[in-house]
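# Results of the structural survey
The chain contents come next:
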Amino acid sequence: MRRAAFISIGLVVLVCAIFWQTRTFDFVNYDDPGYVTGQPALRDGFSAEGLRWAATLSYGGYMPLTGLTLLADAALYGRDAGGYHLTSVAFHAAAVVLLFLFLYRATDDVWPSALVAALFAIHPLRAESVAWVSSRKDVVCGLFWMFTLLAYATYARRPGAMRYALVFLGVCAALLAKPMAVTVPFVLLLMDVWPLRRVRAKGGFAGEYLGGHGGPPLRDHGAGRDDARRDGERRDDARRDDERRGAGFWWLVVEKLPLLLPAIAVSVATVSIQRGSGAVSTTEALPMSWRAANAITSYAAYLGKTVWPADLIPLYPFPEKGVPAAQVVIAAIVLAAITAGVLYVARRAPWAAVGWFWYLGTLVPVIGLVQVGAQSMADRYTYLPQIGVLIIFAWSLRALCTRWPGSTRVVAIAAALAVAASAAVAYRQTQHWRDSVALWSHAVAITPESVIARSSLGEAYIQRGDLESARRELETAIRLRPTDRTTRLNLTLVAIRQGRLDDALLYCRAMTIEWPEDPDANTAWGSALIRYGLYEAALERLDLALRTKPDHVEALSDRGAALMMLGRNQEALETLQRAVARSPEDPVILTNLAAAHFALGQADRARYFCTEALRRDPAYERALALQKTLAEAGR
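Residues numbered from 1 in each chain as written. Predicted model: local features only at pLDDT ≥ 70, side-chain atom pairs only at ≥ 80, totals over all residues. Heavy atoms only, no water.

### With respect to the pattern of salt bridges
Inclusion rule: Every case where a carboxyl oxygen of Asp or Glu lies within 4 Å of a side-chain nitrogen of Lys or Arg is listed as a salt bridge. Labels follow the DSSP assignment, with helices taken as runs of H or I lasting at least four residues and strands as runs of E lasting at least two, numbered in each case from the N terminus.
Evaluation of the coordinates by the stated rule reveals 25 salt bridges. Here E585 makes a salt bridge to R616, at a shortest N to O gap of 3.0 Å. In this pair, E585 sits in the loop between helix 26 (569-582) and helix 27 (587-599) while R616 sits in helix 28 (residues 603-616), placing the two residues 31 residues apart along the sequence. Here the salt bridges share partners, and the residues they tie into one network are D192, R198, E255 and K256.

Below is the structure:
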């Protein structure tokens, strides 16, 4: 227990050494607005609206438990991104410790267990899951996944209703954090084979394991009298368990059936949510043959990035012409060869087969056969599957030391170097997530032809106020894909802010011809018309946008500004109040609302909202000018 405690503390220190830097990171423009920064329900913390939002969070899948953690962060930290990041680090550190404790308890092998946990903790592929607030679901699901494994190890040693109930609760919690946990029952069945070794050999008892020998798992080199005593205890436990069950493999299958019920329910809900939101690609847009080819190559690519984690980016674009046939054939041969190899050594090295099928099975929900989003693969999808590969690596080293004791020192040095190299690359990879410009600049450097990366970088520059850099990236994205709607909208916004109103109107006219009722396009057109001084024409466009999308924040804000210019101040105030209810942090809306109150002679309310605008953006020129006007009026 003392050794386990020291190793657990060391693992937490290792996690903090890599990811503590995220306390200074910002939110990014990649899904964070959908999860946090664009959610009005989070502004009041544990309010009725916030709890309702968390309970129904279905951003790509039903995940209320993840929503609850984000709600707690909102109550504690407001819009301070550093607090959200450190919460993710804490969840990840806890998952790492539970993984180590499960492997150690199930195998009695301390150093392979510690190696798996250490590499899982700080592999560069972890950067996306830990350093990206929107990937909170990965670390929360991971925590309850590891809790379930540890609870199952306790149950497997001494089965009982209460222990099984704890396993069931762990499965439910993991599923409510992220639907990817639907594969937990399958993984628990693998754990029955190894390391728990509950599968009874023919004519024997549970101590005669499928692993090809009747003894306990491999132990530290130099096992002595205490190990022999533990061997006897484990054999006695196994014999009692087998007498209690009186069944073999199929009993273990039946034992998992109750765990399938919540998994099936969450799977159905997730597919329904994804289809309802239009996130699932149709077979016409993405044929099944393309998806299968991408799935095969992704399995191989994830293995490659586990061994050599280079060129990691937030979004790997799906090949527009499909995956080359030669690449698919090579990947299929590699996968088939590995599968054949682990099956061949399954009796001598059950950990190899178990680790491999852990990897293959847990990737199934996110391998792309049901395609959601534009990515062909994603680093975050390896959060749980990679553990299977790490088990193969660690216990292969363990077997090497057992067979050739003289290699122990060399193996230990190699393992230490693997951890050190992984930590160094992970630290650098994590830095790319410090803000949106850094993230997408890195992505553009690796995939310069990616429209999404270029467009997202342009949007990040807009948020920073670097309009010329934004224009450069967006124009490059338009050349790559002239029909991309998001890029065209952002390019219009840049033109408006740079005062190139003729260009802006040209962009708007082209978009509304293609998408006549698009609320964003009509809002952009209305915004450009306001700057031309055509307020009545602007109102027509903005009202059209609001008929399509009544809570469109930018349309409400611009409509309020147009109404004030027409002298319809009371109507402007009502419109801007609707806008600020949707986006209470926007200094532009707050300044417009302050101006509306001032126009109605409500100076105190005007000062309040002007102060709030400057608190969000102390350098906002319109708010500073209004503050000066209010001060002069007060004198």
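### As for the environment of V199
Take V199: it is sitting in the loop between helix 10 (184-193) and helix 11 (225-245). Taking the C-alpha atoms as reference points, V199 and L252, separated by 53 residues in sequence, lie 7.9 Å from one another.

### Focus on the packing of aromatic side chains
Filter applied, for reference: Two aromatic rings from Phe, Tyr or Trp, using only the six-membered ring of Trp, form a pair when their centres are within 6.5 Å; if the ring planes differ by under 30 degrees the pair is stacked, by over 60 it is edge-to-face, and anything between is tilted. Each residue's exposure class comes from its accessible area (1.4 Å probe, protein chains only) as a fraction of the maximum for that residue type: buried when under 20%, exposed when over 50%, partly exposed otherwise.
Summed over all chains, the structure comprises 15 aromatic pairs. A ring pair is formed by W194 and W395, whose centres lie 5.1 Å apart and whose planes are at 80 degrees; its orientation type is edge-to-face. Placement of W194 in the loop between helix 10 and helix 11 and of W395 in helix 16 (residues 386-403) is noted, with a sequence separation of 201 residues between them. Here W194 falls in the buried class, since its relative accessible area comes to 1%.

### Here we look at the packing of helix 28 against helix 29 (residues 621-634)
The line we're drawing: In this description, a line fitted to the C-alpha atoms serves as the axis of each element, helices being fitted only across the stretch in contact, and the angle between N-to-C directions of two axes falls anywhere from 0 to 180 degrees. Between 65 and 115 degrees an angle is taken as roughly perpendicular, under 35 as roughly parallel, over 145 as roughly antiparallel, and anywhere else as oblique. By convention, the crossing between two helices is left-handed when the near helix turns anticlockwise from the far helix through less than a right angle, and right-handed when the turn is clockwise. Throughout, a residue-residue contact means that at least one pair of heavy atoms, one from each residue, lies within 4.5 Å. As a working rule, the residues Ala, Val, Leu, Ile, Met, Phe, Trp, Tyr, Cys and Pro are called nonpolar, Asp, Glu, Lys and Arg charged, and the rest polar, with Gly in that last group.
In contact at an axis separation of 10 Å, helix 28 and helix 29 are set at 150 degrees when each is read in the N-to-C sense. Taken together, the axes of helix 28 and helix 29 lie roughly antiparallel to each other. Between helix 28 and helix 29 lies a crossing whose hand is left-handed. The residues of helix 29 that touch helix 28, namely those facing A603, A606, R607, C610, A613 and L614, are A623, L624, L626, Q627, L630 and G634. Residue classes in the contact of helix 28 with helix 29 are distributed as nine nonpolar, two polar and one charged.

### Points about unusual backbone geometry
Only a minority of non-glycine residues have a phi that is not negative, and only a minority of peptide bonds are not trans. Residue P195 is reached from W194 by a cis peptide bond, and omega for that bond is 10 degrees. Within the secondary structure, P195 is located in the loop between helix 10 and helix 11. Of note, the phi angle at D108 is positive, near 60 degrees, even though the residue is not glycine. One can find D108 in the loop between helix 5 (81-107) and helix 6 (110-122).

### Description of the packing of helix 1 (residues 2-19) against helix 5
Here helix 1 crosses helix 5 at 145 degrees, and the two axes come no closer than 9 Å. Between helix 1 and helix 5 the crossing geometry is right-handed. Residue-level contacts link R3, A4, I7, S8, L11, V12, V15 and F19 of helix 1 to V89, H92, A93, V96, V97, F100, L101 and Y104 of helix 5. Within the contact of helix 1 with helix 5, the residues separate by chemical class into 13 nonpolar, two polar and one charged.

### Comments concerning the confidence of the model for the chain
To keep it simple, the criterion reads: Think of pLDDT as the predictor's per-residue confidence, scored from 0 to 100.
Across the chain, the average pLDDT comes to 89, with 90% of residues at 70 or higher. Within the model, the stretch residues 203-225 combines pLDDT values under 50 with 61 contacts to residues more than four positions away or in other chains. Segment residues 242-247 is flagged for pLDDT under 50; beyond a separation of four residues in sequence, or across chains, it makes 13 contacts in the model.

### Some words on the side chain of R380
Our working rule: For the purposes of these results, a polar contact is taken to be a pair of N or O atoms within 3.5 Å, where, inside protein, one atom must be able to donate a hydrogen and its partner to accept one; residues adjacent in sequence count only when each atom of the pair is a side-chain atom.
Residue placement: R380 occurs in the loop between strand 2 (375-377) and helix 16. Side-chain polar atoms of R380 contact the side chain of E128, separated by 2.7 Å. Among residues more than four places away in sequence, those in contact with R380 are Y30, E128, S129, W132, S135, D138, P314 and Q375.

### Comments concerning helix 26
Stated precisely, the cut-off is as follows: Helix span is expected to be 1.5 Å times the residue number reduced by one.
Taking 1.5 Å of rise per residue, the 14 residues of helix 26 would be expected to cover 20 Å, and the 20 Å separating its terminal C-alpha atoms lies within 8% of that figure. All buried positions along helix 26 are accounted for by N569, A572, L573, T575, L576, A579 and V580. Of the surrounding elements, those touching the buried residues of helix 26 are helix 25 (553-565) and helix 27.

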